[in-house]
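Summary of the model geometry
Listed here are the chains, written in short residue letters.
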Amino acid sequence: MSTDSTLPETADTVVVGAGCVGCSAAYHLTERGREDVVVLDQGPLFETGGSTSHAPGLVYQTTGNETMTKLANYTQELYTDLDGFDRCGGIEVAYTEERWDYLKRNREYGRAWGLEGGELLSPEEVTEEIPVVDPEVIYGGYYLPTDGRADGVAASENMAAAASERGADFFGETVVTDLEVEDGSISAVVTDEGRIECNEALVCTNIWGPLFGDMVGVDIPLTPCAHQYLVSEPLEELASATEEVEQPILRHQDYSMYFRQHGESYGIGSYDHEPLLVDPEDILAPEESERMPSIREFTEEHFYQPTHPDIDKSAYDAARELVPALDGAEFEDAFNGMFCFTPDGMPILGETEDVDGLWWALAIWVTQSGGVGDVMAEWMTEDVPRLDGERIDVSGAHLSRFQPHTGSRAFTKDRGGQQYQEVYQLIHPAEQPRNQRDLRRSPFYHQQDELDAEFVSSGGWEVAQWYESNEDLLDEYDIEMPARSDWQRTGWSPIQAAEHRAVRENVGICDLSRYTPIEITGPGAPAFVQRLFANDMNTEVGQVRYAPMLDETGGVLADMAITRLGEERFVCTTGGGSSATLHSRWIREQAPSDGSVTIDAHVSDECGFGVWGPKAREVLQPLADTDLSKEGFGYFRAREFYLDSIPVTALQVSYVGELGWELYCPTEYGGKLWDLVREAGQDHDMVALGNGAFLGSLRLEKGFRLWGTDVTAEYNPYEAGIGFAIDLDTDFVGKEALLDAREAGIDRKLACLTVDDGSVLDTGKPIVDPDAGEIVGHVDAHDYGYSVGESIAYGYVPAEYAEPGVGVEIEYEGERYAATVREEPLFDPERERVLQ
């Protein structure tokens, strides 16, 4: 498509990969005014031989992830406008009662994320839409009329044509052999046709991504997988059908399959076989492959025999049961087509931390491809990820979310294989990985294990969710325990309620080792910290201050407790999961380049735990060589001292709303410190507190925010209800955007709701105006509060709905539950307990 067959020697931006992601990126970059864009691919344009070229193109927009749903919705709208999408509708069918309940929840996710027109169909109504389906074997289906089939190759070609008109050049059959880096920045893309100097490069090569990472020493945790696709001979049941008018696409997730019509033939896509993982180095070059590099030879045993570890029926048997017309049918085409998975099933997006100008957009299906291109173009041109002009939270897809161990091929293959195996299965968000466990253990792990901790995986850390040793407490406390379905009980235990009550009445100890203290020191530290955070950071030594960290749009990147331990020494405490890597990267990138600041993320060399509850002072004071009284060590103060013979940094802060301290020490002292405090707590009925009650019911009763759950970069502090931590008399990143937002008026707010009848619901559920029937928001956080006796939900709603006393409804599994907006916090609003 290039107007000149000669490769240019320079370009502003080079995009590697001319599949639908690379073409979408070029389309949106040129739409924003970039003219000097060059797109390269090793294959012929635009059937390049990657995943786009063989993808059947089914676009199901509804997922339990808001970001992925929005990306899919944008994609179908874009490709429809570009004549690359057939909006034939999509139906997911239920083979079991459990799947039928799931489809109810899935429809509600769609409604919550803004998808319109979704409806639940009876088996007969499914057959009216897709006559080849046997209604006798299903419970019903979820139908979304805007789902459909994307023609990835046509969409790519149409986007490329538009980008070319705006100045972009496309070159096929051009193999990239190296990425050159100079002085920490991308400097050139080297090909077999010549070298292109550039300011930026965007790698959109999907299954080849790890090979490009190897060129620059960057770990790309992605594993290619093959799954099967077949096209039947013409079927009598589809006689006289045409490619132009097709039945809705069909998904049979109980057997990990999907279907689409090809005129008079029917296509079958199957994940119903053992994972077929491929090393990136083993992918054939275009000239070596019989059809294309991303297609492998069809393996009959994986279709006609049951090889999936969790499914007892072969793909062929499952297909002909649902679609009887396929019984005995021959297949005109069959192949194993490659795509890829990351360890967590999410894409890889963003700029390389150590290589300026080198961007990645990988592990993306056709379903989200158009939207990802828009996000990347906005991010690359404006430094902020937006979708269709609106800020979008991509922290779950950010390249920097990965922890060090994910760089290993062993981890990536094991977890990628599990993602493949579970792609369509009924997997609860709380269900845990089956492999690559016990990678990171706190120094308290063995003590926790002796208490029969139920461990979950978080960033590779083994985190105690609850302790079976606390089961006896259920008999001790008279706890109001609302009913939960089997689905709602997944990853939950009634023991969490007992631990909740024990902390409220006595004292608990909670492992915080996965939280990362980020230390900022040096002569430039005071000015830098003030610039970094949106509160007044001119604090006394020994003071802790709560403050949001914002981006240029005023979105909340993090909310942290910042402790001043010296005139030029500050410690910022992050949360767990990916926050350590994401937030420490942001802080490093904002740091002055004059060497006046040193940043040290204490990922592994420090450990810590919280001691909270009315008896916390009684437990710790006998061990401490400092005064822990209210007068001697007040709330939001910090001090370094000794507990017995162990050096600790103590913060009098509480995420549960009770008196207490966070205690941090060098990792090698951690096991002994735990033992000392546990022994001291025996006479005060101390319990080990799991993460479930800690981040769930305890914090929600106090209205404390949780980054990544009810606070993200999509919202500013005023919307998130933490405007009290903003000081506009100081200068900080995002201040101008906040001033503009405040002047324009805050039109949405995070509201505290309680469910009127006390029912336990779920997150991601629509919040509805009971009179108009319109969706006004969705639930971002939810749990039952065992001290206040209320079912608590938090969600962003229009400002007029956020006033206390306003009545709304929350949808869950096809029912609507009345809820009421409440003043927050629900528990101890005067803070008497935490200030004692």
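Scroll up for the structure.
Just so we're clear, the structure is a prediction, and the values are computed from it rather than from any experiment.

Remarks on the overall build of the protein
Scanning the protein from terminus to terminus reveals 21 helices and 42 strands. For 836 residues, the compact-globule formula gives about 28 Å, and the C-alpha radius of gyration of the protein, at 28 Å, lands near that figure. Split into buried and exposed, the 836 residues of the protein put 61% on the buried side. Taking the intrachain contacts of the protein between residues at least 6 apart in sequence as the baseline, contacts between residues at least 24 apart amount to 72%. Total accessible area computed for the protein in this model is approximately 31000 Å², and 41% of it derives from carbon and sulfur atoms. Both charge centroids of the protein, one from 58 positive and one from 158 negative side chains, sit 7 Å from each other.

Quick notes on the pairing of strand 12 (residues 194-203)
In this structure, strand 1 (residues 10-16) lies alongside strand 12, joined through 6 bridges in parallel fashion. Counted as the bridge partner of Val15 is Leu202 from strand 12.

Section: the pairing of strand 42 (residues 815-822)
Where strand 37 (residues 748-755) and strand 42 come together, 4 bridges link them in antiparallel fashion. What sits directly across from Thr754, in strand 42, is Thr820. Where strand 41 (residues 807-812) hands over to strand 42, the hairpin turn is made up of 2 residues, of which Glu813 adopts a positive phi near 50°.

Topic: the state of the cysteines
Scanning the entire structure with this criterion turns up 0 disulfides. Not engaged in a disulfide, the cysteine Cys510 finds its nearest cysteine sulfur in Cys607; these two sulfurs lie 13 Å apart. Cysteine Cys665 is unpaired, with the sulfur of Cys607 as its nearest cysteine sulfur at 3.7 Å.

A few points about the nonpolar core
Counting 47 residues, the largest nonpolar core has Tyr79, Phe170, Leu202 and Ala361 as its most contacted members. Not counting chain neighbours up to four residues away, the residues in contact with Tyr79 comprise Cys20, Gly84, Phe85, Ala150, Ala155, Met159, Val366, Ser369 and Gly370.

Structural notes on helix 11 (residues 409-421)
The end-to-end C-alpha distance of helix 11, which contains 13 residues, comes to 18 Å, matching closely the 18 Å that a straight helix rising 1.5 Å per residue would cover. What helix 11 keeps buried is the set Phe411, Thr412, Arg415, Gly416, Gly417, Gln418, Tyr420 and Gln421. The inward-facing, buried residues of helix 11 contact strand 13 (223-232), strand 16 (265-270), strand 17 (276-277), strand 19 (331-341) and strand 24 (453-458).

Points about the pattern of salt bridges
Under the criterion given, the structure shown has 49 salt bridges. A salt bridge links Glu92 to Arg251, with the nearest nitrogen and oxygen atoms 3.3 Å apart. Of the two residues, Glu92 sits in strand 5 (residues 90-94) while Arg251 sits in strand 14 (residues 249-252), which places them 159 residues apart along the sequence. The exposure class assigned to Arg251 is buried, which follows from its relative accessible area of 10%.

Examining the packing of helix 3 (residues 66-81) against helix 10 (residues 366-382)
Contact geometry of helix 3 with helix 10 gives a least axis separation of 6 Å together with a crossing angle of 90°. Taken together, the axes of helix 3 and helix 10 are roughly perpendicular relative to one another. Residue-level contacts link Met68, Leu71, Ala72, Tyr74, Thr75, Leu78 and Tyr79 of helix 3 to Val366, Thr367, Gln368, Ser369, Gly370, Gly371, Val372, Asp374 and Val375 of helix 10. In terms of residue class, the contact of helix 3 with helix 10 is made up of 9 nonpolar, 6 polar and 1 charged.

Looking at the packing of aromatic side chains
One pass over the structure, following the stated rule, counts 34 aromatic pairs. Residues Tyr95 and Tyr255 carry aromatic rings whose centres are separated by 5.2 Å and whose planes lie at 80° to one another, so their mutual orientation is edge-to-face. In this pair, Tyr95 is assigned in the loop between strand 5 and helix 4 (97-112) and Tyr255 in the loop between strand 14 and strand 15 (257-262), connecting sequence segments 160 residues apart. Overall, the relative accessible area of 9% leaves Tyr255 in the buried class. With centroids separated by 5.6 Å and ring planes inclined at 85°, the aromatic side chains of Phe303 and Phe331 adopt a geometry described as edge-to-face. You can see Phe303 sitting in helix 8 (residues 301-304) and its partner Phe331 sitting in strand 19, a full 28 residues away along the chain. In this structure an aromatic cluster arises from ring pairing among Tyr229, Tyr258, Tyr271, Phe335, Phe339, Phe341, Trp365, Tyr420 and Tyr424. Arg99 extends its terminal NZ or CZ atom over the ring of Tyr102, reaching a point 5.1 Å from the ring centre. Taking the ring centre of Tyr27 as reference, the NZ or CZ of Arg166 above it sits at 4.7 Å.

Things to note about unusual backbone geometry
For the bond running from Leu45 to Phe46, omega is 0°, close enough to zero to count as cis. Here the bond from Glu824 into Pro825 is cis, since omega is 0°, no more than 30 degrees from zero. Looking at the element boundaries, Pro825 is found in the segment after strand 42. Of note in the backbone geometry, Ser256 takes a positive phi value of approximately 55° without being a glycine. Relative to the elements of secondary structure, Ser256 occurs in the loop between strand 14 and strand 15. Of the residues examined, Ser256 reaches a relative accessible area of 0% and is grouped as buried. In the Ramachandran plot, Ala363 falls in the positive-phi region, its phi being about 55° despite a non-glycine side chain. Assignment of secondary structure puts Ala363 in the loop between strand 21 (358-362) and helix 10. The buried category is assigned to Ala363, whose relative accessible area is 9%.

Points about the sheet that holds strand 35 (residues 660-666)
Here we have 6 strands laid out as an open sheet, ordered 33-34-35-32-26-36, and mixed in their pairing. Looking at which strands have only one partner, the edges of the open sheet turn out to be strand 33 (638-643) and strand 36 (686-688). Along the sheet, successive strands turn relative to each other by an average axial angle of 25°, direction set aside. Here strand 26 (residues 507-511) pairs with strand 36 via 3 bridges, running parallel. When the sheet's bridge partners are listed, Gly508 is paired in strand 36 with Val687. Relative to the sheet, helix 15 (residues 495-505) contacts strand 26, strand 32 (606-612) and strand 36, its axis offset from that of strand 26 by approximately 120°.

What to know about a negative patch on the surface
A contiguous patch of negative charge on the surface is contributed by Asp449, Glu450, Asp452, Glu454, Glu468, Glu471, Asp472, Asp475, Asp675 and Glu679. Of all the elements in the fold, those that place two or more residues in the negative patch are helix 12 (445-450) and helix 19 (670-681). For Asp449, a relative accessible area of 38% translates into the label partly exposed.

Focus: the sheet that holds strand 4 (residues 85-86)
Strand order across the open sheet formed by 3 strands is 3-8-4, with antiparallel pairing between neighbours. Strands with a single pairing partner mark the edges of an open sheet, and in this sheet they are strand 3 (58-59) and strand 4. Both strand 4 and strand 8 (residues 148-150) contribute to a ladder of 2 bridges, which runs antiparallel. Across the sheet, Phe85 pairs through a bridge with Ala150, a residue of strand 8.

Structural notes on the side chain of Asp780
Position of Asp780 among the secondary structure elements: in strand 39 (residues 775-785). Look at Asp780: it is buried, it has no salt bridge, and the nearest opposite charge is Lys70 at 9.1 Å. A polar side-chain atom of Asp780 sits 3.4 Å from a polar atom in the side chain of His778. With near-sequence residues (within four places) excluded, Asp780 lies in contact with Thr709, Asp710, Thr763, Tyr794, Gly795 and Tyr796.

Conventions we followed
Residues numbered from 1 in each chain as written. Predicted model: local features only at pLDDT ≥ 70, side-chain atom pairs only at ≥ 80, totals over all residues. Heavy atoms only, no water. Helix = DSSP H or I, 4+ residues; strand = E, 2+ residues; numbered from the N terminus. Rg over C-alpha atoms; globule rule 2.2 N^0.38 Å. Buried < 20%, exposed > 50% of the residue type's maximum accessible area, 1.4 Å probe, protein only. Contact = heavy atoms within 4.5 Å. Areas by Shrake-Rupley, 256 points an atom, 1.4 Å probe, with all protein chains shown as cover. Lys, Arg positive; Asp, Glu negative; His and termini not counted. Charge placed at Lys NZ, Arg CZ, Asp CG, Glu CD. Pairing = 2+ DSSP bridges. Disulfide = S-S within 2.5 Å. Core = buried A, V, L, I, M, F, W, Y, C linked by side-chain atoms within 4.5 Å. Expected span 1.5 Å × (residues − 1). Salt bridge = Lys/Arg side-chain N within 4 Å of Asp/Glu carboxyl O. Axes fitted to C-alpha atoms, helices over the stretch in contact; angles between N-to-C directions. Parallel < 35°, antiparallel > 145°, perpendicular 65-115°, else oblique. Nonpolar A, V, L, I, M, F, W, Y, C, P; charged D, E, K, R; others polar. Phe/Tyr/Trp six-rings, centres within 6.5 Å; stacked < 30°, edge-to-face > 60°. Lys NZ or Arg CZ within 6 Å of the ring centre and 35° of its normal. Patch = residues over 30% accessible without salt bridge, like charges linked within 9 Å, V, L, I, M, F, W, Y side chains within 5 Å. Polar contact = N/O pair within 3.5 Å; in protein donor to acceptor, adjacent residues only side chain to side chain.

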